[in-house]
Amino acid sequence: MKVGLIRCMQTEEYCPATTDLKFMREKKGAFEGVEEDIELVGIVTCGGCPGKKAVLRAREMAERGADTIVFASCITRGNPIGMPCPFEKRMREAVQKDLGEDIKIITYTH
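Below, the structure is looked at part by part. None of the values given here were measured: they were computed from a predicted structure.

A short note on a negative patch on the surface
Move 1: Side chains of Glu35, Glu36, Asp37 and Asp67 sit close together on the surface and give a patch of like negative charge.
Move 2: Exposure remark for Asp67: the relative accessible area of 32% places this residue in the partly exposed category.

Set out below in structure tokens:
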């Protein structure tokens, strides 16, 4: 699995993605049951509300080899600030539409 990780721009100032990377490495959370090796292709932010750069950044990671785009839990579950992104669904659907069904979408990390 070759992963492109999209994070919330609002939380990147105080969250270094340690838990996202740990769960990926240890195959926990959204990565539980993944039997193949997991390679991180890239980590980007959504570009800021309302996720206006997520599509272009996801496309770039796919062009660089990502076969899976993962929306970090800061976007979908609001970790660690307790406020999920109100644009998550629209952003995720736009990314999936742009990349097509060949790229897998995972909606959280931990």
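A word on a nonpolar patch on the surface
Move 1: A cluster of nonpolar side chains, Tyr14, Ile81 and Met83, forms an exposed patch at the surface whose accessible area comes to about 330 Å².
Move 2: Examined against the element boundaries, Tyr14 turns out to sit in the loop between strand E1 (2-7) and helix H1 (18-26).

Here's the deal with the sheet that holds E1
Move 1: Here we have four strands laid out as an open sheet, ordered E2-E1-E3-E4, and parallel in their pairing. Edge positions in the open sheet fall to strand E2 (39-45) and strand E4 (104-106), since each of these has one partner strand only. Neighbouring strand axes in the sheet, compared pairwise and without regard to direction, differ in orientation by 20 degrees on average.
Move 2: Across four bridges, the pairing between E1 and strand E3 (residues 68-71) is parallel. Paired with Ile6 across the strands is Phe71, a residue of E3.
Move 3: Against the sheet, helix H2 (residues 54-63) contacts E1, E2 and E3, and its axis sits at roughly 160 degrees relative to E2.
Move 4: Contacts from helix H4 (residues 88-99) reach E3 and E4, with the element oriented near 175 degrees to E3.

Looking at the pattern of salt bridges
Two side chains with opposite charge may pair up if their charged atoms get near one another.
Move 1: Enumeration according to the criterion identifies five salt bridges in this entry.
Move 2: A salt bridge links Glu60 to Arg64; its shortest N-O distance comes to 2.7 Å.
Move 3: Salt-bridge contacts for Glu88 lead to Arg92; the nearest nitrogen and oxygen are separated by 2.7 Å. Separated by four residues within a single helix, Glu88 and Arg92 lie in helix H4, roughly one turn from each other.
Move 4: Of the residues examined, Glu88 reaches a relative accessible area of 14% and is grouped as buried.
Move 5: A relative accessible area of 22% places Arg92 in the partly exposed class.

Conventions and cut-offs
- Residues numbered from 1 in each chain as written.
- Predicted model: local features only at pLDDT ≥ 70, side-chain atom pairs only at ≥ 80, totals over all residues.
- Heavy atoms only, no water.
- Patch = residues over 30% accessible without salt bridge, like charges linked within 9 Å, V, L, I, M, F, W, Y side chains within 5 Å.
- Areas by Shrake-Rupley, 256 points an atom, 1.4 Å probe, with all protein chains shown as cover.
- Salt bridge = Lys/Arg side-chain N within 4 Å of Asp/Glu carboxyl O.
- Lys, Arg positive; Asp, Glu negative; His and termini not counted.
- Charge placed at Lys NZ, Arg CZ, Asp CG, Glu CD.
- Buried < 20%, exposed > 50% of the residue type's maximum accessible area, 1.4 Å probe, protein only.
- Helix = DSSP H or I, 4+ residues; strand = E, 2+ residues; numbered from the N terminus.
- Pairing = 2+ DSSP bridges.
- Axes fitted to C-alpha atoms, helices over the stretch in contact; angles between N-to-C directions.
- Contact = heavy atoms within 4.5 Å.

So yeah, pure geometry; function would need other evidence.
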